[in-house]
Structure formats: structure tokens, C-alpha cells
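# Report on the structure
Here are the chains, one letter per residue:
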Amino acid sequence: MKILFVSAEVAPFAKTGGLGDVSAALPRQLHGLGHDVRVVVPMYARVLGRGHVFTEVVPEMAFALGDLTVRVAIFSAPLPGSEVPVYFVRCPSLYDRANIYDTGGDEHLRFAVLNWAALKLCQYLQFGPDIIHVNDWQTALIPLLLRTLFAWDKLFARTRTVLTIHNLGHQGTFDTGALARCGLAPVADRLHQEHLREGRFGFLLTGILYANAITTVSPTYAREIQTSEHGVGLDGFLRGRADVLRGILNGIDEDEWNPAADALIPHAFSADDLDGKEGCKAELLASAGLPYRADVPLVGVVSRLAWQKGFDLCEAVLPVMLERRRFQLVVLGTGEGRYEDFFRHLARAFPRQVAYLPAFSEKYAHAIEAAADMFLMPSRYEPCGLNQMYSLRYGTAPIVHRTGGLADTVWNFDPGTGRGTGFVFDHFDAAGLAWALGRALDVWGNGAGVERERWRHLQRNGMRLPLGWSHRIGEYVALYRLVAPDA
Ligand code: ADP
Ligand code: GLC
């Protein structure tokens, strides 16, 4: 099949979270199966100057969005570790910014250009995709554009679209003043009319209305987003498309996340030989300035510090637990000031127990997954979540809220039966989190003797789960074949 994959992020070029990981791993897998898959992303300032070699594909492409003429160039580079071509849309006035996402007020234009440029590029290359796979609101205009303004072009006669929702919390909703600049004025009658009358339109909603199929990144989240509790105002529209909506759990890239062969961790280990993990713990604690003790468990956090991730529960729970129980905590992440301040204060208040690293660091992300005994992820909601899966792979027991993809990947450990992979709390409140963290510390005990054997068992349960993309990719291929039967 010919597949065009369009996304606002692709690792390692541009990543703020899991979208970047998925946008690299999924195309790589599809390519491995022999499909002709190509990726389109913006060329952000951060993409340049990292030693990647780019080839110019299109020196200049111009198109009109309302009264604005947009000029872009297209460059390409192979996705590291594969032959997949990644096309970069270069437009310095839009993408040369400090951050991938911006608050400058022209986000609608920045990503409308990505949608248009992806289709213009297909025309330039005469590449007629069987599937255009779009991701999140930033690329969700493509299904409508294909059915309207690009419908004349026979190149797209057989093209079908799949929209993956990685996070319903971000919908790309703008006021109608932005319509023309998105090139949508001629097709305003195809947008949701009630919203237009209220003065707004949404990229994601437009994608939900026009994509041939919709997926989200876990089966539980697929159910949740059809409820008013988790639907963020779009649940009615999602229920309306329930026949084409399904949840496909993300996989993990097992080349990148494999404790037996991870260049970013100091000691290798595996389910059969866990000894190296202890060395990873000792080294991480030393570099974080915390004392190492084999009988004290280490809890890790690697996360965007955003409302979604539920760290407000930690404010009520962690200071008390750190007073009462013996454990250490290493936190890696940046984000909202409230959470950064909280972890900074916590590290000051418990200098022998807590370290906070306010950074985005691949190296520390791997080091923490490898070193920690437990991984804390109390997300308020979580479409899939990758870090709990990396944790499982690294023998690090996840402590999670039962929501979205966390509910589909982590099961409460029962010392009686020996089954389960982590610690899961049902209710998103401080008591829930305190219960789960307390359970994890109880099961850990002193980390020695029988308790240690029990913990090893829990670790191995998680490490042996089939979490790699190779176990998931078939579901995407089957879906593509369903929506594009002639491919
Ligand atoms: P989300 O996409 O909502 O942020 P995921 O769990 O799906 O959550 O993916 C997060 C990804 O971002 C993981 O690959 C994780 O390792 C990475 N990540 C998050 N914060 C950091 C950080 N501070 N440093 C390095 N990697 C990070
Ligand atoms: C989003 C979600 C996260 C998911 C990731 C990749 O950022 O917050 O749960 O794992 O996308 O699909």
C-alpha cells in the first residue's frame, strides 16, 4: 500500500511526547512490512542543526490561503533506522520558533499550511496514496480538503483517510475569523454549522466528521471518549461515528526500549538476569545526588508536567508519604509552573529522598526507567501512555490510575496468585493514589528475602508482556485494507 503519514511530531527530529514516538515507530513498522510509507512534518527550527542531512525535494511551492500567498519548500531525510522518507515542510516565518507548539496566535495557520502542503506535495510527486493517516487536530483538515478542494484531482480518486486521536484534550478550535487563512472559506458550508453560528470551528471535529475511519490509541480510551465524562464536548460526534471508530493500543519501539541492549543505560539487564538493574539504580542516585540503599525503593517519574498527568494528587499525597514511609523519588520533566514548583519544593524539603530534574532528556528518561523500582503515573486521563509500557519492559512496576491506556496495560498485582504487573487505583483522588503507592511499598517490604523474590516475580510478569509494535501493526494494516479495499 501507499501510505502518507502526516503528523506535527516525529522522533527524533521533533518530539514533545508520545505522538513523536508513534509517528516514527508506526511508519517504520509499515515500511518493514513492505509498504511504501512516507511521513510529512513541519521543519521546525529544532530539526535543523542536529547533524541530519537534508535533500531538497521541492525548491518552492506556492499556494493561496484566502488573501495570503504561502510559499514553502520541501526537504527530505530518511527516518533514522529505516529507509522511510520524511518530508519536511520548510516555511521559516511559521516554523522557526523556539517551540513546536506556539502561543503566538497563528497556530491555525501554522498547521493549516501543513495540511495543504502535504496534499500539494503528493501532487508534485504524483504520489497517489491509498491511505493518508492523519494525527490529532494539527492534521485533521486533510479528510475534508480531499473530499472538496482536492476532489477534482484523479490522483486522489482512491485515497482514503484514517484519523488517529492521540489526545482529545487538544481540539484546534478557532474563531471563524481564522477560516479564510486556513483556506476553508470556499467550503465553509461543509463545516459544523452550529459551531460556525457560534463563531468557531474545530480542526479535530472536522476530521471526526470527514475521515473514513477514526482510531484512538487504546480500546478503553475509545470507549471513554464516547461518554460525556471524557468526551470533552465531542462525545456526541464520536458516538455518531462509532461504526468507524476503534481503539488500537500503541506499541513500544523494542529497538529503542530494550534493557538488554540500551546504549543510554550503564548496565544491561533482562527478565532472566535482573542484576544489572541494581547498578543502574546506584548510578542514577549518585548522579542525582541521593544516597543509595538497596533496601529503599526508588520511585521514578518521567512526564510532561501537565494537568492531564494528574500530579495535583501528588501535592496532597507525597509530602505525607515521604514523612511516613521509606522510599526515594526522582522526577524528570518540565511543564506548568505549578507542578515544577511543587517538585522543586519537595526536593528541598526532602533532600535525601527526592531529586527533581527540570529537563527534557532522552538519556535521563532511559536512566530513570532502568533505575527505578516503581514508576508513578497518576494521569487524570491517558489516551494510551508509553511510559508505563517502557516501565513494564524495564522491570519497573507502574503505579497508575485506572484510565485509558493505563487500564489496558497495567493490572493490580495479587501476591496470593502472583498475577499482575503493577498497582492500579480506581478513583482519581488522593486516597486512591495513597492506597496504590502504599500497596506498592508494602509489597516491596524490605526488598530482601521472600519479599525480593515476590518483587522479582512481579517484575518478570511485566517484562514478558508482548508490548512491541510488531504485536500491534497488524491491526493498522487490517484497518487500512478495510477502508481502502482496492489498494
Ligand atoms: P504524552 O504523549 O501524553 O506526553 P506518553 O507516555 O505517550 O505521554 O509519551 C511521553 C513520551 O515523552 C515518552 O517517550 C517519554 O519518555 C517522553 N518524555 C516525556 N517527558 C520527558 C522528559 N522530560 N525527558 C525526556 N523524555 C520525556
Ligand atoms: C498523547 C497521549 C498519550 C499517548 C500519545 C501517543 O500524547 O497523551 O497517552 O500515548 O499521545 O499516542
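Residues numbered from 1 in each chain as written. Chains lettered and ligands numbered in written order. Predicted model: local features only at pLDDT ≥ 70, side-chain atom pairs only at ≥ 80, totals over all residues. Heavy atoms only, no water.

Moving on to the overall build of the protein chain. Looking only at helices and strands, the protein chain has 17 helices and 17 strands in total. Over its C-alpha trace the protein chain gives a radius of gyration of 23 Å, about what one expects of a compact globule, namely 23 Å for 487 residues. With respect to the three principal axes, the spread of C-alpha positions in the protein chain is 70 × 45 × 40 Å. Expressed as a percentage of the 487 residues in the protein chain, the buried residues total 60%. Total accessible area computed for the protein chain in this model is approximately 18,500 Å², and 51% of it derives from carbon and sulfur atoms. Side chains of the protein chain carry 48 positive and 52 negative charges; the gap between the two charge centres is 1 Å. (Helix = DSSP H or I, 4+ residues; strand = E, 2+ residues; numbered from the N terminus. Rg over C-alpha atoms; globule rule 2.2 N^0.38 Å. Buried < 20%, exposed > 50% of the residue type's maximum accessible area, 1.4 Å probe, protein only. Areas by Shrake-Rupley, 256 points an atom, 1.4 Å probe, with all protein chains shown as cover. Lys, Arg positive; Asp, Glu negative; His and termini not counted. Charge placed at Lys NZ, Arg CZ, Asp CG, Glu CD.)

The subject of this paragraph is the sheet that holds strand β11 (residues 245-247). Hydrogen bonds between backbone groups are what pair the strands of a sheet, and the pairing can be parallel or antiparallel. On the basis of which strands lie adjacent, the open sheet formed by 9 strands has the order β3-β4-β5-β2-β1-β6-β7-β10-β11 and mixed pairing. Lying at the two open borders of the sheet, with one neighbouring strand each, are β3 (55-65) and β11. With strand direction ignored, the average angle separating the axes of adjacent strands in the sheet is 25 degrees. Pairing of strand β2 (residues 36-42) with strand β5 (residues 85-90), which is carried by 4 bridges, proceeds in the parallel orientation. Bridge pairing links Val-40 to Tyr-87 in β5. Across the sheet, helix α1 (residues 18-32) is in contact with β1 (2-6), β2 and β6 (131-135); its angle to β2 comes to roughly 160 degrees. Of the strands in this sheet, β7 (160-165) and β10 (213-216) are in contact with helix α6 (residues 203-210), which crosses β7 at around 135 degrees. (Pairing = 2+ DSSP bridges. Axes fitted to C-alpha atoms, helices over the stretch in contact; angles between N-to-C directions. Contact = heavy atoms within 4.5 Å.)

The strand order across the open sheet built from 6 strands is β14-β13-β12-β15-β16-β17, with neighbouring strands paired in parallel fashion. Both edges of this open sheet fall to β14 (354-357) and β17 (423-425), since each of them pairs with a single strand only. On average, each strand axis in the sheet is tilted by 15 degrees relative to the strand beside it, whichever way the strands run. In the packing of helix α11 (residues 337-349) onto the sheet, contacts are made with β13 (328-332) and β14, and the angle to β14 comes to roughly 140 degrees.

Let us now look at helix α16 (residues 449-463). Here α16 spans 21 Å end to end across 15 residues, near enough to the 21 Å set by a 1.5 Å rise per residue. Among the residues of α16, those classed as buried are Trp-455, Arg-456, Leu-458, Gln-459, Gly-462 and Met-463. Down the axis of α16, the smallest arc covering the buried residues is 165 degrees, so these residues share one side. Turning to α16, the residues buried within the fold contact α9 (275-288), β15 (374-377), α13 (387-393), β16 (397-401), β17 and α15 (430-444). (Expected span 1.5 Å × (residues − 1). Arc of directions from axis to C-beta.)

This part covers the domain arrangement of the protein chain. According to the domain assignment, the protein chain contains domain 1 (2-251 + 471-483) and domain 2 (275-465). For domain 1 versus domain 2, the separation of C-alpha centres amounts to 33 Å. With 18 residues of domain 1 in contact, the opposing surface of domain 2 contributes 17 residues. Interface area for domain 1 against domain 2, summed over the two sides, is near 1,300 Å², with a carbon-plus-sulfur share of 56%. Applying the counting rule to domain 1 against domain 2 returns 1 salt bridge. For Lys-15, the salt bridge is made with Glu-362, and the minimal N-O distance between the two is 3.5 Å. Summed over the shared surface of domain 1 and domain 2, the result is 8 residue pairs in polar contact (both at pLDDT 80 or more). With 4 residues, the single largest contributor to the side of domain 1 that touches domain 2 is helix α7 (residues 219-224). Partitioned by chemical class, the residues of the side of domain 1 that touches domain 2 number 5 nonpolar, 10 polar and 3 charged. (Domains from an automatic or database assignment. Buried area = accessible area lost by both parts, 1.4 Å probe. Salt bridge = Lys/Arg side-chain N within 4 Å of Asp/Glu carboxyl O. Polar contact = N/O pair within 3.5 Å; in protein donor to acceptor, adjacent residues only side chain to side chain. Nonpolar A, V, L, I, M, F, W, Y, C, P; charged D, E, K, R; others polar.)

Another point: the pairing of β3. Looking along a regular strand, one sees side chains alternate from face to face of the sheet. Across 8 bridges, the pairing between β3 and strand β4 (residues 68-78) is antiparallel. Across the sheet, Leu-65 pairs through a bridge with Leu-68, a residue of β4. Counting the residues in the hairpin turn of β3 and β4 gives 2 residues, including Gly-66, whose phi is positive at 60 degrees.

Their axes nearest at 9 Å, the elements helix α10 (residues 312-324) and α15 cross at an angle of 40 degrees. Looking at the two axes, α10 sits oblique to α15. α15 is crossed by α10, and the crossing has right-handed handedness. Here Leu-313, Cys-314, Ala-316, Val-317, Leu-318 and Met-321 of α10 lie close against α15, whose contacting residues are Ala-430, Leu-433, Ala-434, Leu-437, Gly-438 and Leu-441. Across the contact of α10 with α15, the residue classes tally to 11 nonpolar, 1 polar and no charged. (Parallel < 35°, antiparallel > 145°, perpendicular 65-115°, else oblique. Left-handed = near helix turned anticlockwise from the far one by under 90°.)

Before going further, it helps to examine the site of ligand 1. Taken together, 21 residues form the shell around ligand 1, and within it Gly-18, Asp-21, Arg-304, Lys-309 and Ala-359 come nearest. Lys-15 places a side-chain nitrogen or oxygen 2.9 Å from an oxygen atom of ligand 1. The contact in question runs from a nitrogen atom of ligand 1 to an N or O atom on the backbone of Ser-361, over 2.9 Å. Those elements that provide at least two residues to the shell around ligand 1 are α1 and α13. Residues belonging to the shell around ligand 1 are distributed by class as follows: 8 nonpolar, 8 polar and 5 charged. Two domains share the shell around ligand 1, each providing at least three of its residues, namely domain 1 (2-251 + 471-483) and domain 2 (275-465). (Near = heavy atom within 4 Å.)

Turning our attention to the packing of aromatic side chains. Two measures describe an aromatic ring pair: the distance that separates the ring centres and the angle between the ring planes. Taken as a whole and judged by the stated rule, the model has 24 aromatic pairs. An angle of 90 degrees between the planes, with centres 5.1 Å apart, marks the rings of Phe-54 and Phe-88 as edge-to-face. With Phe-54 in the loop between β2 and β3 and Phe-88 in strand β5, this residue pair connects regions lying 34 residues apart in the sequence. For Phe-88, a relative accessible area of 0% corresponds to the buried category. With 5.5 Å between their ring centres and 70 degrees between their planes, Phe-174 and Phe-203 make a pair best called edge-to-face. Of this pair, Phe-174 sits in strand β8 (residues 173-175) while Phe-203 sits in helix α6, and the two are 29 residues apart along the sequence. With respect to burial, Phe-174 and Phe-203 carry one shared label: buried. Chaining the aromatic ring pairs together yields one cluster made of Tyr-101, Phe-111, Trp-137, Phe-174, Phe-201 and Phe-203. One Lys or Arg, Lys-363, reaches over the ring of Tyr-364 and ends 5.9 Å from the middle of that ring. (Phe/Tyr/Trp six-rings, centres within 6.5 Å; stacked < 30°, edge-to-face > 60°. Lys NZ or Arg CZ within 6 Å of the ring centre and 35° of its normal.)

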